[in-house]
Amino acid sequence: MRSVQCKAFKGSHVNKRLLYASSTRRDGFENQDPLAHYKDAPYSIEAIGYNLSKLGWKVCWCGWAATHNPFRLAKEIDAFEPDVVYSHGSLLALHPLFCRKFLCRHKAFKIVHGWDDHYGRIWGNLFGWSGKLFMNWMEKRIVKNSDAVVTLSYELQKIGRKWGVECKYIPNGADPIENLPRSDKIKLEGRFKIVYTGDKAKWKRTADICSSMAKLPRDIKLYLTGRNESYLEKYASDNCIFLGWLSKEEQFAVMSQADAFVCTSNQDCNAKLQEYLRWKKPILAYDGEANNFFKNGETALLAKDGDYAPLVEKLAADPALCQRMAENAAREIPVYSWAEIAKQFEEYFIEIMHS
């Protein structure tokens, strides 16, 4: 049995201890220190955990190897004696509650759930109606039974209120871009260049922007970075270009050359939104939950039913509109560094630890 990092802090007198209980199966997740986590993934819980460690927190990471087995998880909790257990992910988020009630000797900790996605919707897209039904039930149990809930979505915050739970809103972060290293290997072409970054799972609705490119002139080009998905291959063309997985330096170079960015998922909390905003370029998004985050026509253009073609043409023909949209978004939507996000988490954790 692997020994997780938590035991390294046994006996410490530091009062601020955070245990991440995640369902991730990534190799090495449980045995890395906060800096190694941050180097692997300088965003989300890894960036928050790293920056909390710089604020004096002891941070422990438990992945699937520990969290799928309540007896193993209880052992790790007793060894580390956390003040806060932060559950992240849907499938195993009830395990810390079970452990505290039935298995742990150490019970003096708060369980905070990090609610990043609408679990029922995603499981419905992946597994059909039965997956949606099961995860809708699970999602409500997680939110209602955790001691506190942090969400980065205004839409999920609304759902929580319907269930009688006031969720703390803390958005995604994005670090400043001024000093990011950039490669000169990739040069984007086209009169107007749109960039999409990251995951292209079907539920992200990436096909909407890809199919829209067939309606546009060939000198208006869409560049997509990140792992390629086979279901999108039919859209590849001379103005719908899949760049695949890039190094960080190549990714930053591509983003710096964009005339506009696009986020296609029906969400108001995708991490790429804050990353896009850092570059001060106009943003296209799906006309749905994004209305919680943007003002349509002022801080972004939102595509009705995922029809992006007329909005792309509008931006490509009007540089003044592009500038005005970017300036409006920069003025009205705050973007915090991951260090600032971690500080917000610290303040909230301390508040609930003393409640």
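Overview of the structure. It should be emphasised that the depicted structure is a prediction, and the values quoted were computed from it without experimental measurement.

## Observations concerning the packing of aromatic side chains
Reasoning step 1: Within this structure, the stated rule accounts for 15 aromatic pairs.
Reasoning step 2: The interplanar angle of 75 degrees and the centroid separation of 5.8 Å between the aromatic rings of tyrosine 86 and phenylalanine 345 together place this pair among those described as edge-to-face. With tyrosine 86 in strand E3 (residues 84–88) and phenylalanine 345 in helix H14 (residues 338–353), this pair connects stretches of sequence that are 259 residues apart.
Reasoning step 3: For phenylalanine 345, a relative accessible area of 5% translates into the label buried.

## Quick notes on unusual backbone geometry
Reasoning step 1: The backbone phi angle of serine 44 is positive, close to 55 degrees, even though this residue is not glycine.
Reasoning step 2: Within the fold, serine 44 resides in helix H2 (residues 44–54).
Reasoning step 3: Notably, aspartate 305 is not glycine yet its phi reads approximately 55 degrees, a positive angle.
Reasoning step 4: Relative to the assigned elements, aspartate 305 resides in the loop between strand E12 (301–303) and helix H12 (309–316).
Reasoning step 5: With a relative accessible area of 61%, aspartate 305 lands in the exposed category.

## Observations concerning the pairing of strand E2 (residues 58–62)
Regular strands place side chains that alternate from one sheet face to the opposite one.
Reasoning step 1: Among the 5 residues of E2, 4 are classified as buried, and the element is accordingly described as predominantly covered.
Reasoning step 2: With 5 bridges connecting them, strand E1 (residues 17–22) and E2 associate as parallel partners. Its bridge partner being in E2, arginine 17 is matched across the sheet by lysine 58.

## Examining helix H8 (residues 154–162)
Reasoning step 1: Among all positions of H8, only Leu156, Gln157, Ile159 and Gly160 are buried. Buried residues in H8, looked at end-on, bunch into an arc of 160 degrees, giving them a common side.
Reasoning step 2: Looking at the packing, one finds that the buried side of H8 touches strand E4 (110–115), strand E5 (148–151) and strand E6 (168–169).
Reasoning step 3: One side-chain oxygen of the residue at the start of H8 lies 3.1 Å from the amide nitrogen of glutamate 155, identifying that residue as serine 153.
Reasoning step 4: Backbone geometry just after H8 places glycine 164 at a positive phi near 85 degrees.

Conventions adopted
Residues numbered from 1 in each chain as written. Predicted model: local features only at pLDDT ≥ 70, side-chain atom pairs only at ≥ 80, totals over all residues. Heavy atoms only, no water. Phe/Tyr/Trp six-rings, centres within 6.5 Å; stacked < 30°, edge-to-face > 60°. Helix = DSSP H or I, 4+ residues; strand = E, 2+ residues; numbered from the N terminus. Buried < 20%, exposed > 50% of the residue type's maximum accessible area, 1.4 Å probe, protein only. Pairing = 2+ DSSP bridges. Arc of directions from axis to C-beta. Contact = heavy atoms within 4.5 Å. Polar contact = N/O pair within 3.5 Å; in protein donor to acceptor, adjacent residues only side chain to side chain.

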